[in-house]
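Listed below are the residues making up each chain.
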Amino acid sequence: MLLRSLKRVSYWGASTSSHQVEGKNHNQWSVWELANAKRLADTAKQRYGHLPIWEDIAKEASTPDNYVSGIAIDHYGRYEEDLDMLAKMNLNAYRFSVEWSRLEPKEGRWDEAQFEHYRQMLRAMKRRDIEPFLTLWHFTLPVWFAEKGGFLHRPNLRYFIRFAEKAIAELGEYINYVIIVNEPNVYAGLSYHDGQWPPQQKSLIATIKVFNNLVQAHKRGYQVIKAINKRFKVGSSLNVIDFYNNDSRVTSRLSVAPRTYFWNWRYFDSIESYSDFLGVNFYMTEEYRSWRPVSVGKKINDLGWIMEPERISDVLIATHNRYKLPIIITENGVADRDDQYRRWWLERTLTAMNFAVNSGVNLVGYTHWSLLDNFEWSHGFWPRFGLVEVDRETLARRLRPSAVWFSEQVKKIRG
Ligand code: BGC
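As the structure is a prediction and not an experimental result, all values here were calculated from the model.

### Side note on the overall build of the protein
Each helix and strand in the protein was counted, giving 15 helices and 11 strands. In terms of overall dimensions, the protein is globule-like: its C-alpha atoms have a radius of gyration of 20 Å, near the 22 Å expected for 415 residues. If one aligns the C-alpha atoms of the protein with their principal axes, the spans along those axes are about 55 × 50 × 45 Å. Taking contacts inside the protein between residues at least 6 apart in sequence as the whole, the part at least 24 apart equals 78%.

### Details of unusual backbone geometry
Look at the link from P198 to P199: it is a cis peptide, with omega at 5 degrees. Here P199 shows up in the loop between α10 (184-193) and α11 (204-228). The omega angle of the peptide bond from W369 to S370 is 10 degrees, so this bond is cis rather than trans. Within the secondary structure, S370 sits in the loop between β9 (363-369) and β10 (388-390). Its identity as a non-glycine residue notwithstanding, D129 has a phi of 55 degrees, on the positive side. Examined against the element boundaries, D129 turns out to sit in the loop between α7 (112-127) and β3 (131-137).

### Digging into the site of the ligand
Taken together, the residues surrounding the ligand are Q20, H138, F139, N182, E183, Y283, W305, E331, W369, E376, W377 and F385. Between H138 and the ligand, the recorded distance is 2.9 Å, taken from a side-chain N or O atom to an oxygen atom. Interatomic distance of 3.0 Å between a side-chain N/O atom of N182 and an oxygen atom of the ligand. When the ligand is considered free in solution it has 310 Å² of accessible area, and contact with the protein chains removes 95% of it. Taken together, the residues of the shell around the ligand break down into six nonpolar, three polar and three charged.

### Observations concerning the packing of α10 against α11
How two helices pack is summed up by the angle between their axes together with the distance between the axes. Across the interface, α10 lies against α11 with an axial gap of 9 Å and an inter-helix angle of 150 degrees. Relative to α11, α10 is oriented roughly antiparallel. α10 and α11 meet at a crossing whose hand is right-handed. Contact residues: α10 offers P184, N185, Y187, A188, G189, Y192 and H193, while α11 offers L204, A206, T207, V210, F211 and L214. The residue inventory of the contact of α10 with α11, partitioned by class, reads nine nonpolar, four polar and no charged.

### Some remarks on the pairing of strand β1 (residues 11-15)
By the criterion of burial, β1 is predominantly enclosed, with five of the five residues buried. In terms of strand pairing, β1 meets β9 through five bridges, oriented parallel. Across the sheet, the residue bridging to G13 is T367, located in β9.

### So, the side chain of T319
If you trace the backbone, T319 turns up in helix α13 (residues 312-323). Here T319 is in contact with W265, F268, L278, V280, K324 and I327, once residues within four sequence places are set aside.

### Things to note about a nonpolar patch on the surface
On the surface, V250, L254 and W291 cluster together to form a nonpolar patch covering roughly 340 Å² of accessible area. You can see L254 is positioned in helix α12 (residues 250-271).

### Side note on the environment of P155
Relative to the assigned elements, P155 resides in the loop between α8 (143-147) and α9 (157-171). Judged by relative accessible area, which is 52%, P155 ranks as exposed. Sequence separation between P155 and T63 is 92 residues, and the spatial gap between their C-alpha atoms is 40 Å.

### A few points about the packing of aromatic side chains
Counting across every chain of the model gives 40 aromatic pairs. Between F139 and Y187, the ring centres sit 6.1 Å apart and the planes meet at 15 degrees, which makes this aromatic pair stacked. Of this pair, F139 sits in the loop between β3 and α8 while Y187 is found in helix α10, placing the two residues 48 residues apart along the sequence. With 6.2 Å between their ring centres and 65 degrees between their planes, Y341 and W344 make a pair best called edge-to-face. On the basis of relative accessible area, W344 is assigned to the buried category, the value being 19%. Over the aromatic face of Y76 sits the side chain of R102, whose NZ or CZ is 4.0 Å from the ring centroid. Lying over the aromatic face of Y177, K233 brings its terminal NZ or CZ to 5.7 Å of the ring centre.

### Examining the nonpolar core
Formed by 123 residues in total, the largest nonpolar core has its most connected members in W12, L136, F151 and F160. Not counting residues within four places of it along the chain, the set of residues in contact with L136 comprises V98, F160, F163, A164, A167, I168, V178, I179, I180 and I225. In this structure, Y11, A93, F277 and I328 belong to the second largest nonpolar core, which totals eight residues.

### Quick word on the pattern of salt bridges
Counted under the stated rule, the structure contains 31 salt bridges. Where E107 meets K148, a salt bridge forms, and the shortest distance between an N and an O atom there is 2.9 Å. Taken as a pair, E107 in the loop between α6 (100-103) and α7 and K148 in the loop between α8 and α9 lie far apart in primary sequence, 41 residues in all. Judged by its relative accessible area of 29%, K148 falls in the partly exposed class. R384 is the partner of D373 in a salt bridge, and the nearest nitrogen-oxygen pair spans 3.9 Å. In this pair, D373 sits in the loop between β9 and β10 while R384 sits in the loop between β9 and β10, placing the two residues 11 residues apart along the sequence. Classification of D373 as buried rests on a relative accessible area of 3%. Look at R384 and you get buried, because its relative accessible area is 11%. Counted as one network, the salt bridges with shared partners bring together E112, E116, R119, R123, K166 and E170.

Rules used in this analysis
- Position numbers for residues start from 1 in each chain and track the written sequence from start to end.
- Thresholds applied to this predicted model are a pLDDT of at least 70 for local features of residues and 80 or more for the giving and counting of side-chain atom pairs; totals over whole chains, interfaces and linings are not thresholded and use all residues.
- Only hydrogens and water are removed before side-chain values are computed, so all heavy atoms of the structure are retained for them.
- Only runs of H or I of at least four residues qualify as helices and only runs of E of at least two qualify as strands under DSSP, and these elements are numbered from the N terminus.
- As a reference, a globule follows 2.2 Å times the number of residues to the power 0.38, and the radius of gyration itself is taken over C-alpha atoms.
- Whether two residues are in contact is decided by their heavy atoms: any pair within 4.5 Å suffices.
- Put simply, a residue is near a molecule or strand once any heavy atom of it comes within 4 Å of that molecule or strand.
- N or O atoms closer than or at 3.5 Å make up a polar contact, with two conditions inside protein: a donor-capable atom paired with an acceptor-capable one, and, for residues adjacent in sequence, both atoms drawn from side chains.
- The Shrake-Rupley method, run with a 1.4 Å probe sphere, supplies the accessible areas, and residue values consider only the shown protein chains as cover.
- Throughout, the ten residues Ala, Val, Leu, Ile, Met, Phe, Trp, Tyr, Cys and Pro are labelled nonpolar, Asp, Glu, Lys and Arg are labelled charged, and all others, Gly among them, are labelled polar.
- The axes are straight lines fitted to the C-alpha atoms, using for helices just the contacting stretch, and the angles between their N-to-C directions are given from 0 to 180°.
- Roughly parallel refers to an angle under 35 degrees, roughly antiparallel to one over 145, roughly perpendicular to one between 65 and 115, and oblique to any angle outside these ranges.
- Helix crossings fall into two classes, left-handed where the near helix is turned counterclockwise from the far one by less than a right angle and right-handed where it is turned clockwise.
- Think of it in three bands: residues with accessible area under 20% of the maximum for their type are buried, residues over 50% are exposed, and the middle band is partly exposed, with areas taken using a 1.4 Å probe on protein chains only.
- The pairing criterion is simple: DSSP has to find at least two bridges between the two strands.
- Patches here: salt-bridge-free residues with over 30% relative accessible area, like charges joined within 9 Å, nonpolar side chains (Val, Leu, Ile, Met, Phe, Trp, Tyr) joined within 5 Å.
- For salt bridges, the criterion is a side-chain nitrogen of Lys or Arg within 4 Å of an Asp or Glu carboxyl oxygen.
- Think of it this way: a Phe, Tyr or Trp ring, Trp meaning its six-membered ring, pairs with another when their centres are within 6.5 Å, and the plane angle makes it stacked under 30 degrees, edge-to-face over 60, tilted otherwise.
- A ring is considered to have a charge above it if a Lys NZ or an Arg CZ atom is located within 6 Å of its centre and within 35 degrees of its normal.
- Residues grouped as a nonpolar core are buried Ala, Val, Leu, Ile, Met, Phe, Trp, Tyr and Cys residues, joined through side-chain atoms within 4.5 Å.

The values reported here are purely geometric and, on their own, carry no functional implication.
Structure (C-alpha cells):
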C-alpha cells in the first residue's frame, strides 16, 4: 500500500483501558460484575443467539466467569511484555488509562505505591520511545465515589477534579498528552438511559445530567491541568458514529441529522474551546432509508456491529470542518475472534485516513482498539478486539496475523 499522506501522522499505536486489562481492580464495575455474572450468563442466548458466531461462543458466553473481570489479562503484572509487543509492531504510542480506584481507594487517601506503579509503566514506555496518551477516566469509579452518586451529582465533580490534578501533578513529568474523559455519550447512554451498565438506570433526566456533568468534568479538568503546565496537550475522546443516508428523502435526512447532532457533535461543541485536540473513537456506521436503519447485505463483526471502516474518512472530514482542531483517532477496531476481518478493516481504514489527511485533516495519531484481547464490559471476555491474542487459560500473548501485517505497514509509513 502506498499511503504517502499518512507520513504526516506522527503517532501510531494501540489502546487499552485499566479495568479491561489490569486485573484485580476493585471499583463500581467489579462490584457489579459479581452481582450480575449469573444473570448475564443465564441470558446469553437471548442477547447473542441471533449472531452468526453464536455456536462458537455459546459455551464461553453462558459461563458466569466470562462476566467477571478478575485477573483480566494481568496487564498490571505484565505491562513490560505488553509494551514489548507494541514495540515489536513498530508502534510509538500507547493509549492507556490510570485506575482512579487504585490511586484513591478511600476518599482523600492516595496510594503512593500505585502512583509509583504508573510511573514505572511510563518509564518503561520512555525506554521504548513510546509516547503515552494518558486517559484519566475510562468508565470506572472508586466505590466510595459511586456511593455518593458518581457523575450524577454536580457537587461530586470536585472529587474528580482533585483526582485529575493529583494524577497529573504526580505523573506529568512523563507525559504530553492527556485524555480527560472517554466516551461520555456511551457511558451516559448505557449506564443511565438503557440500563445495561452500572448503576443500571433508565432515566432521560439522569442521562442528561450525567452527560452535562461530564462536559463540566472535561472543562474544569482542562483548566486544572493547564494550570499545572501549559505544555500539556489536553482533550477527550468521543464515540463517533457515521450516521448517513444515500437517498435524498427528507425523512432520511430527518433520521440522520438529530442523531449526528446529539451523539456526535453535542459533546465536541461544548468542549471545543477547552481542547487542544479531539479524540475520535470510530467503530460503526448507521445508514438510514427514511426512518429505518439499513442492514441488509452489510458485513457485521462478532458483536453484530455493521462494518464500513472506509467511512472513517467522512467522520474525520466532518469533524475537521466543524472544529478545525487536531484529531487523534483514539480507538478504532473490530471484534473478530478468527482474525478474518481485521486486516481488511485496517487496509480500508488506512486508505480512508490517507484520503482524509489529503483533504486537509490534521491527524496527529492513530491508536487501534485494542492492543490486547480484554474484558469487554457487560459482554465479558468473549469478544476479541486485540491485535495481540491472549490465551484465556495461560494468558500467553501472541501477535495475530493482521497485527503482523499492520506492523509492516506502520514500518513503511514511519520510514
Ligand atoms: C470503549 C472501549 C470498548 C470498545 C469496544 C469503546 O466504546 O471505549 O472501552 O472496549 O468501545 O466496545
